[in-house]
Every structure is written in C-alpha cells, then in structure tokens.
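# Structural characterization, general
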Amino acid sequence: MTIRFAVADDAAALAELAARTFHDTFAADNRPEDMAAHAAESYSPALQGREIADPEITTLLAYEDDALVGFAQLRRRPAPACVADRTGIELWRFYIAKAFHGRGVAHALMQRTHEQARARGVATMWLGVWERNERAKAFYRKCGFADIGSHVYMVGTDAQTDRNMIRTIVEETS
C-alpha cells in the first residue's frame, strides 16, 4: 500500500471515490434525493480540486497497487463548542472503499493523519461521525478518540446528528 499527498490531477479520482464511499456507507439509511444533493454539494471534481489546492486542507490518498482505495482530509477550521482546544485540527473526511475494509488500509491511513497533525504542531485532532455509524465509531475509539459531544450534520435536507470525538496528538508541556 502507498499513501501520498493528493495533487491537482487527483481531483476527478478523489471525487469519484468520495461520492462512492459516502453512498456505500450511508445510502441505505437516507433518501436518494438527499444523497444526490449531498454528493453534488460535496464531491464534484472542481470542488475536490479546490480542496486539494487549499493550504488549510491536507488530503492523503491511499493506494493498493494502482487503485485509489481510501482518503483522509485534515483541515483547519473553527472547532465546535465541545472542543476545548481551539487550536486543534479536524479530521474532516476519512473513507475507505468497502472492498478494503478490514485489510489494514484504515489503520495505516490513520497513522499518516496523526503524523500530519503532529507535523502541524497541534495538540488535538477532532472529528464528527454519524451517531448511527457504529463501525466507524468503534474504529475511532480504537484509534484513541473519545466522544465529547454532538453537532448537526446536513445530508441534503435531512438534519442528522454527528458525534464529536477528539484525541490528543501532541502532549502539551507545562
């Protein structure tokens, strides 16, 4: 497996993987029109290109042989109120193609996100995960994240609840 930073030429492949993995994960529990609206708002090649170019977003791509099988995005943005460390970084997106679940891709990609957070000198990393996504919540707990609150996440017109989770990246010194 190879994990590397995304470049501009990756935008179309990233958009396709992002839309597919989101659909595979959430389509059974959401209305088709909400899924389509979310994909259109979040995963176009043009939007992915802008995100790859944004210096506040780090996009990591995981490849198995020549196939793009996962990605993670870290971004700087204001944290929700339940995150006490206002200087932390958000693990914004973290998706693995369904065929690669349980094959070590997620663990390796998570290690790289931690390395990138450390390189940015942040003390904490936080994320939002759908309250009904038990598999993802279990994985994040295994990676050292703890539940600290919730926020609303829109999928199309459907307001859903995401759990906020946080983990320490760099131990603060006194």
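Predicted model, so just to flag it, every value in this text is computed and none were measured. Residue numbers here run from 1 along each chain, matching the order of that chain's written sequence. Local features in a predicted model are, by the rule used here, given only for residues with pLDDT of at least 70; side-chain atom pairs are given and counted only at 80 or more, and totals for whole chains, interfaces and linings are based on all residues. The basis for every side-chain value is the complete set of non-hydrogen atoms in the structure, without hydrogens or water.

### Some words on the overall build of the protein chain
For the protein chain, the count of helices and strands is 5 helices and 7 strands. For the purposes of this entry, the term helix denotes a DSSP run of H or I that reaches at least four residues, the term strand denotes a run of E that reaches at least two, and both are numbered from the N terminus. Mapped from its N terminus to its C terminus, the protein chain presents α and β elements in the order β-α-α-α-β-β-β-α-β-α-β-β. Throughout, radius of gyration means the C-alpha value; the globule benchmark is 2.2 Å times the number of residues raised to the power 0.38. Relative to the globule expectation of 16 Å for 174 residues, the C-alpha radius of gyration of the protein chain, 15 Å, shows essentially globular dimensions. Taken over the C-alpha atoms alone, the protein chain extends approximately 50 × 35 × 30 Å along its principal axes. Here's how the labels work: a residue is buried when its accessible area is under 20% of the maximum for its type, exposed when over 50%, partly exposed in between, all with a 1.4 Å probe on protein chains only. When burial is assessed residue by residue, the protein chain has 48% of its 174 residues classed as buried. The contact definition used throughout considers only heavy atoms, calling two residues in contact when any of these lie within 4.5 Å. Long-range pairs, those at least 24 residues apart, make up 67% of the contacts in the protein chain with a sequence separation of at least 6. To measure how exposed things are, a 1.4 Å probe is used in the Shrake-Rupley method; for residues, cover is taken only from the protein chains shown. When the accessible surface of the protein chain is totalled, it reaches about 8,800 Å², and 51% of it is carbon and sulfur. Of note, the protein chain has its 21 positive side-chain charges centred 3 Å away from the centre of its 24 negative side-chain charges. For this count, His and the chain ends are skipped, Lys and Arg are scored as positive, and Asp and Glu as negative. Charge positions come from single atoms, namely NZ of Lys, CZ of Arg, CG of Asp or CD of Glu.

### Section: the sheet that holds strand β6 (residues 146–155)
Two strands are said to pair when DSSP picks up at least two bridges between them. Strands sit in the order β1-β2-β3-β4-β5-β7-β6 across an open sheet of 7 strands; the sheet is mixed. Every other strand in the sheet has two partners, leaving β1 (2–5) and β6 as the edge strands with one partner each. This sheet shows a mean twist of 30° between the axes of neighbouring strands, independent of strand direction. When strand β4 (residues 89–96) meets strand β5 (residues 124–130), the two strands line up parallel, connected through 2 bridges. Counted as the bridge partner of Ile89 is Met125 from β5. Packed onto the sheet, helix α1 (residues 11–26) meets β2 (57–64), β3 (67–75), β4, β5 and β6 and runs at close to 90° relative to β3. Only the stretch in contact is used when fitting a helix axis, every axis being a line fitted to C-alpha atoms; angles between N-to-C directions are given from 0 to 180 degrees.

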